[in-house]
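Structural overview
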Amino acid sequence: MFVAKRLIAASFVWAASVLAAAAEDPQLFTLDNGMQVVVVEDHRAPVVVQMVWYRVGAADDPAGHSGIAHFLEHLMFKATDSMEEGEFDAVVQANGGSHNAFTSWDYTAYHQRVAADRLPIMMQMEADRMVNLRLDRSDWLPERDVILRERGQTLESNPDRVFAEQMRAALYQNSPYGRPIIGWRHEMEQLTGDIATDFYRVHYAPNNAVLVVAGDVEADEVLALANQYYGPIPAVTDLPTRSRPQEPPQLAERRLIMRDARVGQPYVNRLYLAPNRRPGDQREAAAFQVLAAILGGSSQTSVLERRLTYDEGIAISAWAGYSGAALDSGTFSLGIMPAEGVTLEAAEAALDRVLADFIETGVDMDQLERVRMQIRAAAVYEQDDTADRANTLGLNLVLGLSLQDSEEWLDILESVTPEEVIAAARRLDRRASVTGWLMGAEE
Amino acid sequence: MRLNRLMGATLALALSVAAPAQAIDIEAVTSPAGHQAWLVEEHSIPFVSIEVIFTGGASLDPEGKAGAVSLMTSLLTEGAGDLDAQGYAAALEALAGSVSFSAGRDSVSMTIRALTENRDQVVDLALMALTDAQFSHMSLDRVRAQTIASLERAARNPSTIAQETYSRLGYAGHPYATPVDGTAATVGALTLDDVLAAHRAAFTSDRIVVGAAGDITGPELAAIIDRIAEGLPTADRPLPDYRVFDAAPGVTVVPFDGPQSIIQFGHAGMDADDPDFMPAFVMNEIFGGGGFNSRLMAEIREARGLTYGIYTSLASSRFGDSYVGRFSTGNETAAEAIALVREQFRWLAEGGITQEDLERIQTYMTGAYPLRFDGNESIARILASMQFQNYPLNYVNIRNDLVRAVTLEDIQRVAQRLAQPEALHFVVVGQPEGVESTTP
């Protein structure tokens, strides 16, 4: 039910990249117990979004217990000292609200969207389960079946997802980013309520959380409510530091071939290690973001689609993507799905040729202007979505970026020069990459 | 029980708040040429969403030409003015604007999203598609072939079959009897002349309603409305008469291979203008609405596990109404489930709903309502559709009061009037055991 929404995490790339320019500035507070509170006032509609982000995710899963962060996310909807199993859902629903939760490598977040006058009860319940979860009062075993079924349904039944999991596992040689968020099946099968409780006690605390409230609220009132509900929860003094194993220098490119009878259209995908967005140091990440937009941002005008799909007719589609919203490392991807009669080998060669031509020829300035236009427009349009703004802020803060980093990101993106884009393209290093071919069953 | 305590507290909280936290301020704009629009000005974000609804839609398709308005609508952005399909897309991309059209049962809508800095250029492109589409033979052939392919897929979908059979039986001789997108046969026979005639019929200056939200003033919006309207003729094709669903009571089985029976059922509904529409709407939320665990879900799914989901709704459209429901179940349980649905309609008609049910749904509905207004695009769409449905300007701000004002007596009165267990017609698509058609 509460999915490891990796796709959502990926779609945050743009959301993370552009922050409110014209709307009310977010206001940041810190409670005495160390909990960060961000409020975005948006009085256009009597609606509020509450999100609580924890600075813990699948990359913090202890070795051998992959999937525990995500399992705990599911179990957070079970009983607490004062609430019965199922009560959380029932109260949100009775109030006409919607809610969900998601887990990524670096964070776990819980959110509700309700009428603004229903905020206090949402805070009361969210604060309650920050420390009062009682897995000994709940039947956690069926929930383990649920996550195993989730892995079966959303991942194992889909060769694209399995392929992506294998690619990532091959890309990271030492970082826990190579593990699936949902966990490896054989390890998930061994997870228990006790393991989840231990993980919960270590990581769930006000000083390891960011509260985001966005919508039809007054900042001082939210602060008062936050003090009332979250304020009494004591800080944990011995929070673990977030230092995960880092990648060594990568020296050898990796290649994967996966065959699966369910594959309808074979394709090539390549993942590179790339820089991530870092506090006070986002310029390099911005160049990769713009590079991805120019190579693959539009199905009609981007370089890869134009050259490979329209001009040469070699591809059904071609793509590029960048994900830099992560604590330890970003990734850059390129791919091509060949047209009928074109081999994966020929398609990969064409992809590399177009990339080399691009580096040789440089950036088309008209296209860069269109991309800049889209960046500016996305910044504007996304302010229209309160939930998106809450996401962006929560994501930035939980990754350790400051409000200033958030605000500057848009300007940095717009100021990326054609030379920086080409320099980013040159930095894509085959030795720090994995290239995969996903194919149908052998005939 | 804990649950009751907490829900009690929630109710108290909801009742202690006198009014919605923030009323939505809607302006009525009248253009120099006399056209109307509703506007929510919101200047904090430099873009606007504009929703234009042209009343009529697929209901204007002449007999035998089902799908003409829908096909015409798909062709609008396939080349307009001096731009081909790709050039048109690229022009919009350079402005970071969007223009889209969609055909529905009762209307065609045009949705525009534009940054303030280049709003006029995006509106130019929208007008180009609306009034100067190329309608070339080549694009007609291509889009018609795509449409036929998708209709052929839909024709093998049991849910579509159930829905189309239900409409055909209940609205015979009325445009509601045929699908919005037509059938492979009707679309296959459409010519360029039919497309041009559909364009002439569907886009007329006297059947427009407009909603807008965002960074635009009343006078600026008024000028845009006049630009849209001035390029269009006035209506010459009459709107259809109003028709109440009138299939004879009984069962229609449509044989279809597979383990499941897909069932659509219903009878006459209620006109959206009826003074009892709000109590009826609340009643349906309790009985079979999708937003909260309803009576039907409790009885058919939770208590007996006969289905994954069962829903009813007041299908109160512009030119007709029915009270309709749908669910699926195993072929072997179809007869049992149909009997149970009838029994539940009897329960409803005989005053089964309690005060507790009513209060619970009022809390849910008043809480859920504001969530719809989640941005300019949603607001523009809601404003246009409220005018299309003849709601008053202040409806948004009084709607929750109207929900709270519904009493149990209102619910029982309307339930007795609306729920007719013996009038129900069930369309069953599948191989249901022990269920046979009652009508040829």
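Comments concerning the overall build of chain B
When helices and strands are counted, chain B shows 16 helices and twelve strands. Relative to its length of 440 residues, chain B is compact, with a C-alpha radius of gyration of 24 Å against a globular reference of 22 Å. Each principal axis of the C-alpha distribution contributes one length, and for chain B these read about 65 × 55 × 35 Å. Taking the contacts inside chain B whose residues are at least 6 apart along the sequence as the reference set, 83% of them involve residues at least 24 apart. Mean positive and mean negative side-chain charge positions of chain B (30 and 54 charges, respectively) differ by 5 Å.

Here we look at the packing of helix α11 (residues 295-302) of chain B against helix α12 (residues 334-349) of chain B
Geometry of a packed helix pair, given as the angle between the helix axes and the separation of the axes. Residues and elements named next belong to chain B. At a minimum axis distance of 11 Å, the contact between α11 and α12 shows a crossing angle of 150 degrees. As summarised for this structure, α11 and α12 are arranged roughly antiparallel, according to the angle between their axes. α11 and α12 meet at a crossing whose hand is right-handed. Every residue of α12 that contacts α11 at Arg295, Leu296, Glu299 and Ile300 is listed here: Leu340, Val341, Gln344 and Trp347. In terms of residue class, the contact of α11 with α12 is made up of five nonpolar, one polar and two charged.

Remarks on the sheet that holds strand β9 (residues 315-323) of chain A
Two modes of strand pairing occur in sheets, parallel and antiparallel, and in both the strands are linked by backbone hydrogen bonds. Residues and elements named next belong to chain A. Judged by pairing direction, the sheet is mixed, and its five strands sit side by side in the order β7-β11-β8-β10-β9 without closing on themselves. Two strands close off the open sheet at either side, each with one partner strand: β7 (254-259) and β9. Direction aside, the axes of adjacent strands within the sheet are offset by 15 degrees on average. Taken strand by strand, helix α6 (residues 159-171) contacts β7, β8 (267-274), β10 (330-338) and β11 (433-439), and its axis lies near 155 degrees from that of β11. The strands touched by helix α12 (residues 344-361) within the sheet are β7, β8, β10 and β11, with β10 carrying the most contacts at an inclination of about 125 degrees.

A few points about the side chain of Gln50(A)
Residue and element names in this part refer to chain A. Tracing the chain through its elements places Gln50 in strand β3 (residues 47-54). Residue classification places Gln50 among the buried positions, given a relative accessible area of 2%. A polar side-chain atom of Gln50 sits 2.7 Å from a polar atom in the side chain of Gln112. A distance of 2.9 Å separates polar atoms of two side chains, one belonging to Gln50 and the other to Tyr230. Look past the residues within four positions of Gln50 in its chain and what remains in contact with it is Tyr110, His111, Gln112, Leu119, Met122, Met123, Glu126, Leu211, Val212 and Tyr230.

Things to note about the interface of chain A and chain B
Contacts between the two partners involve 41 residues from chain A and, on the opposite side, 43 residues from chain B. Interface area, chain A with chain B, both sides summed: about 3700 Å², of which 62% is carbon and sulfur. Connecting chain A to chain B are three salt bridges. Linking Arg370(A) and Glu93(B) is a salt bridge whose minimum nitrogen-to-oxygen distance equals 3.7 Å. One can count eight residue pairs in polar contact (both at pLDDT 80 or more) joining chain A with chain B. Considering each element in turn, the side of chain A that touches chain B owes the most residues, seven residues, to helix α13 (residues 365-382) of chain A. When the residues that make up the side of chain A that touches chain B are grouped by side-chain class, the tally is 18 nonpolar, 13 polar and ten charged.

Considering α12(A)
Residue and element names in this part refer to chain A. With 18 residues, α12 should reach 26 Å at 1.5 Å per residue; the first-to-last C-alpha distance of 25 Å fits that figure. Every buried residue of α12 is listed here: Leu344, Ala347, Glu348, Ala350, Leu351, Val354, Leu355, Phe358 and Ile359. Just past α12, the residue Gly362 takes up positive phi, approximately 95 degrees.

A short note on unusual backbone geometry
Residue and element names in this part refer to chain B. Although it is not a glycine, Phe135 adopts a positive phi angle of roughly 45 degrees. For Phe135, the location among the structural elements is in the loop between α4 (119-131) and α5 (137-154). Owing to a relative accessible area of 8%, Phe135 belongs among the buried residues under this scheme.

A closer look at a negative patch on the surface
All names here are of chain A. On the surface, Glu24, Asp25, Glu218, Asp220, Glu221, Glu407, Glu408 and Asp411 cluster together into a patch of negative charge. Of all the secondary-structure elements, those providing two or more residues to the negative patch are α9 (219-229) and α15 (403-415). Ranked by the residues each element gives to the negative patch, the list is headed by α15, at three residues. In this fold, Asp411 is placed in helix α15.

Description of the nonpolar core
Membership of the largest hydrophobic core comes to 73 residues, with the highest contact counts inside it found for Met123(A), Leu211(A) and Tyr230(A). With seven residues, helix α4 (residues 119-131) of chain A is the single largest residue contributor to this core. Counting only domains with at least three residues in this core, you end up with domain 1 (6-229) and domain 2 (254-439) of chain A. In this structure Leu211(A) touches Met35(A), Gln36(A), Val37(A), Val38(A), Gln50(A), Met51(A), Val52(A), Met123(A), Ala226(A) and Tyr230(A), once residues within four positions along its chain are discounted. Judged by nonpolar contacts, the second largest core, of 62 residues, contains Ile24(B), Trp38(B), Phe265(B) and Tyr369(B).

With respect to the pairing of strand β10 (residues 310-317) of chain B
Residue and element names in this part refer to chain B. Of the two faces of β10, the one lined by Ile310, Thr312, Leu314 and Ser316 is fully buried and the one lined by Tyr311, Ser313, Ala315 and Ser317 carries no buried residue. Of the pairings in the sheet, the one linking β10 to strand β11 (residues 320-330) comprises eight bridges and is antiparallel in character. Paired with Leu314 across the strands is Tyr323, a residue of β11. Linking β10 back to β11 in an antiparallel pair, the connection comprises two residues.

Parameters at a glance
Residues numbered from 1 in each chain as written. Chains lettered and ligands numbered in written order. Predicted model: local features only at pLDDT ≥ 70, side-chain atom pairs only at ≥ 80, totals over all residues. Heavy atoms only, no water. Helix = DSSP H or I, 4+ residues; strand = E, 2+ residues; numbered from the N terminus. Rg over C-alpha atoms; globule rule 2.2 N^0.38 Å. Contact = heavy atoms within 4.5 Å. Lys, Arg positive; Asp, Glu negative; His and termini not counted. Charge placed at Lys NZ, Arg CZ, Asp CG, Glu CD. Axes fitted to C-alpha atoms, helices over the stretch in contact; angles between N-to-C directions. Parallel < 35°, antiparallel > 145°, perpendicular 65-115°, else oblique. Left-handed = near helix turned anticlockwise from the far one by under 90°. Nonpolar A, V, L, I, M, F, W, Y, C, P; charged D, E, K, R; others polar. Pairing = 2+ DSSP bridges. Buried < 20%, exposed > 50% of the residue type's maximum accessible area, 1.4 Å probe, protein only. Polar contact = N/O pair within 3.5 Å; in protein donor to acceptor, adjacent residues only side chain to side chain. Buried area = accessible area lost by both parts, 1.4 Å probe. Salt bridge = Lys/Arg side-chain N within 4 Å of Asp/Glu carboxyl O. Expected span 1.5 Å × (residues − 1). Patch = residues over 30% accessible without salt bridge, like charges linked within 9 Å, V, L, I, M, F, W, Y side chains within 5 Å. Areas by Shrake-Rupley, 256 points an atom, 1.4 Å probe, with all protein chains shown as cover. Core = buried A, V, L, I, M, F, W, Y, C linked by side-chain atoms within 4.5 Å. Domains from an automatic or database assignment.

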